[in-house]
Amino acid sequence: MSTTQTNKIEIIKAATSKINEVDFDHLNFGEIFTDHLFECDFTNGEWQKPIIKPYAPFLMDPSSKVFHYGQAIFEGMKAYKDEHDAIWLFRPLENFKRFNNSAIRMAMAEVPEEIFMEGLKQLLQLERNWVKKENGSSLYIRPFMIATGTGVIANPSDDYKFMIILSPAKAYYSGEVKVIIAEHYSRAANGGIGAAKAAGNYAGQFYPTNLANKEGFQQVIWTDDATHTKLEEAGTMNLFFRINDTLLTAPTSERILDGVTRKSILDLAKSEGIHTEVRSVLASELVDAANDGSLKEIFGAGTAAVVSPISGFSYQDVYHELPKIENSVALQLKDKLTKIQQKLAEDTFGWTVKV
């Protein structure tokens, strides 16, 4: 290993790289990680010296508060490489802001922008060979923070560990995605932590999603906790519904994540002259639209999935297959968004940031 220091970040390089052992044409999402990670600890009320070091397991005290009280948050981002081998991020400050909003909601320490952004950029520069130029390729970025303070008294931790790990990625979903509309289980409630990217939000979804999987569905469309009539989001995606020529999506709230891809899709749609409405969509409205033929498309939007068309949905034990259409708005918006992200089209929105 070799050790250097750049802009206050200590860098310890791995003695060897495992990149030549990776089959980049056949990747399962989130299973392979790059050679290095970024780490910075918060102790004694201050952020300590950040470090980039070889990816490896680390030891933690069994009484660390993350294990007992669930103080854990994360973000999802992607890096892309253009035809000139430059690396680009997509709206990274939106992820940074949301990360700290999650930290505030979970009573955790906020991460300074310099640590978050400079750590990310230097890690990406070190791992630039892991960012591939092939169409559909990206490097998935997972910033996360956990409570490392010890003791089982039920109060917020005093100590935290902020880390960034990287994973080469292809498409998140493959094949058709079928969903079932939740009638009993809820993802989040008013006053809760649904708008935070807290780890526990996802853990709470696993059981009802497993039940859906057993019935042949890949995801659950979550409904509001009070009436189970308003459509909100899916497990890993915000949702869009195209009824006739109008694109609908639910408003963000305490229950719904403020997705970066979601707001980008809305801006892209408006720029393309597609009529959009941000409002509550009822399950009964979706069923009526499916029955009368006005429901044209449903698709999910998120960092991992980008845009994922949905082939059909089930509600109250009735399955509704969506029509096969030639001029898919979902695929049109996905094409435009991914071309901006990969620098294959002009970024008139100012979304992309060069590393």
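Check the entry above for the structure.
Given the structure is predicted, the values throughout are model-derived calculations rather than measurements.

Q: Just to check I follow, could you spell out the overall build of the protein for this structure?
A: Summing up its helical and strand segments, the protein has 7 helices and 21 strands in all. Computed over the C-alpha atoms, the radius of gyration of the protein is 21 Å, within 12% of the 20 Å expected from 2.2 N^0.38 for a compact globule of 355 residues. Structurally, the protein occupies a C-alpha span of about 65 × 55 × 35 Å along its principal axes. Within the protein, the proportion of its 355 residues that are buried is 52%. Long-range contacts, defined as pairs at least 24 residues apart, comprise 71% of the intrachain contacts of the protein with a sequence gap of at least 6. Of the roughly 16,400 Å² that the protein leaves accessible, carbon and sulfur atoms contribute 49%. The centroid of the 37 positive side-chain charges in the protein is displaced by 3 Å from the centroid of its 46 negative side-chain charges.

Q: It is not clear to me how unusual backbone geometry should be interpreted in this structure. Could you clarify?
A: With the exception of glycine, most residues fall at negative phi, and the peptide bonds are largely trans. With phi around 55°, N244 is a residue other than glycine that occupies positive phi space. Relative to the helices and strands, N244 is located in the loop between strand 14 (238-243) and strand 15 (246-249). Positive phi, close to 50°, is recorded for Q316, a residue that is not glycine.

Q: Sorry if this is basic, but what is going on with helix 5 (residues 260-271) here?
A: An α-helix turns once every 3.6 residues. As a result, residues three or four positions apart point the same way. For helix 5, with 12 residues, the first-to-last C-alpha span of 17 Å sits near the 16 Å given by 1.5 Å per residue. Downstream of helix 5 by a residue or two, G273 has a phi angle that is positive, lying close to 80°.

Q: Please clarify how the nonpolar core should be interpreted in this entry.
A: Soluble globular proteins tend to pack their nonpolar side chains together in the buried interior. F38, W47, I141, M145 and F162 are the most contacted members of the largest nonpolar core, which totals 51 residues. Beyond its immediate stretch of four places on either side in the chain, F38 contacts I9, P50, I51, I52, I115, G119, L123, F162, M163 and I164. Counting residues in hydrophobic clusters, the runner-up holds 23 residues, among them V177, I221, A283 and L295.

Q: Before we go on, may I ask you to explain the packing of aromatic side chains in this structure?
A: Note on aromatic pairs: each is described by the distance of the centres and the angle between the planes. By the definition in use, this model includes 16 aromatic pairs. With centroids separated by 5.4 Å and ring planes inclined at 10°, the aromatic side chains of F33 and Y55 adopt a geometry described as stacked. Separated by 22 residues along the polypeptide, F33 in the loop between strand 2 (9-13) and strand 3 (36-43) and Y55 in the loop between strand 5 (51-54) and helix 1 (65-69) bring together distant segments of the chain. Through a chain of ring-to-ring contacts, the aromatic side chains of F38, F96, F99, F116 and F162 assemble into a single cluster. Sitting over the face of the ring of Y319, K178 holds its NZ or CZ atom 5.4 Å from the ring centroid. The ring of W88 has K343 lying over it, and the distance from NZ or CZ to the ring centre is 4.0 Å.

Q: Help me understand the pairing of strand 13 (residues 230-234), please; the structure alone is not making it clear to me.
A: On a regular strand, each side chain points to the face opposite its neighbour's, so the side chains alternate between the two faces of the sheet. A large share of strand 13 lies buried, amounting to 4 of its 5 residues. In terms of strand pairing, strand 12 (residues 219-223) meets strand 13 through 2 bridges, oriented antiparallel. When the sheet's bridge partners are listed, I221 is paired in strand 13 with A234. Between strand 12 and strand 13, which pair antiparallel and follow one another directly, the connecting turn spans 6 residues, one of which, H228, has a positive phi of 55°.

Q: Just to check I follow, could you spell out the pattern of salt bridges for this structure?
A: Taken as a whole and judged by the stated rule, the model has 16 salt bridges. A salt bridge links K336 to E272, with the nearest nitrogen and oxygen atoms 3.7 Å apart. Separated by 64 residues along the polypeptide, K336 in helix 7 (residues 329-341) and E272 in the loop between helix 5 and strand 16 (275-278) bring together distant segments of the chain. For K336, a relative accessible area of 30% puts it in the partly exposed group. Linked through salt bridges whose partners overlap, the residues forming this network are E39, D41, K53 and K161.

Q: So what exactly am I meant to see when it comes to the side chain of R255 here?
A: On the secondary structure map, R255 appears in the loop between strand 15 and helix 5. By relative accessible area, R255 is classed as buried at 14%. Setting aside its immediate chain neighbours within four residues, R255 contacts R187, A188, A189, N190, G194, A195, D224, D225, E232 and E233.

Q: Teacher, can you tell me more about the side chain of Q71 here?
A: Mapping Q71 onto the fold places it in the loop between helix 1 and strand 6 (72-74). Classification of Q71 by relative accessible area gives buried; the value is 6%. Looking at Q71, its side chain comes within polar contact range of the main-chain nitrogen of S157, at 3.0 Å. For Q71, the residues in contact, after removing those within four places along its chain, are K65, V66, M106, A107, M108, M145, I146, A147, P156, S157 and Y160.

Reading the values: the criteria
The residue numbering used here restarts from 1 in each chain and proceeds along that chain's sequence as written. Owing to the predicted nature of the model, reporting of local features is limited to residues with pLDDT of at least 70; listing and counting of side-chain atom pairs is limited to 80 or more, with chain, interface and lining totals taken over all residues. Side-chain measures were taken over the full set of non-hydrogen atoms in the model, leaving aside hydrogen atoms and water. A helix here means a DSSP run of H or I that spans at least four residues, while a strand means a run of E at least two residues long, and both kinds are numbered starting from the N terminus. As defined in this context, the radius of gyration uses C-alpha atoms, and a globule is described by 2.2 Å times the residue total to the power 0.38. Burial classes follow relative accessibility: with a 1.4 Å probe on protein chains only, a residue under 20% of its type's maximum area counts as buried, one over 50% as exposed, and anything between as partly exposed. Residue contacts follow a heavy-atom distance rule, with two residues in contact if any of their heavy atoms lie within 4.5 Å. To measure how exposed things are, a 1.4 Å probe is used in the Shrake-Rupley method; for residues, cover is taken only from the protein chains shown. When charges are counted, Lys and Arg contribute as positive and Asp and Glu as negative, whereas His and the chain ends are disregarded. Here the site of a charge means atom NZ of a Lys, CZ of an Arg, CG of an Asp or CD of a Glu. Expected helix span is given by 1.5 Å per residue-to-residue step, counting one fewer step than there are residues. Nonpolar core, defined: a set of buried Ala, Val, Leu, Ile, Met, Phe, Trp, Tyr and Cys residues in which side-chain atoms within 4.5 Å join the residues together. The aromatic pairing rule takes the rings of Phe, Tyr and Trp, using the six-membered ring of Trp, and pairs them if the centres are within 6.5 Å, calling planes under 30 degrees apart stacked, those over 60 edge-to-face and the rest tilted. Our definition puts a charge over a ring when NZ of Lys or CZ of Arg is within 6 Å of the ring centre and also within 35 degrees of the ring normal. In short, DSSP must find at least two bridges between two strands for them to pair. We count a salt bridge whenever a side-chain nitrogen from Lys or Arg sits within 4 Å of a carboxyl oxygen from Asp or Glu. Pairing of N or O atoms within 3.5 Å defines a polar contact, subject to two protein rules: one partner must be a possible hydrogen donor and the other a possible acceptor, and residues neighboring in sequence count only if both atoms are side-chain atoms.

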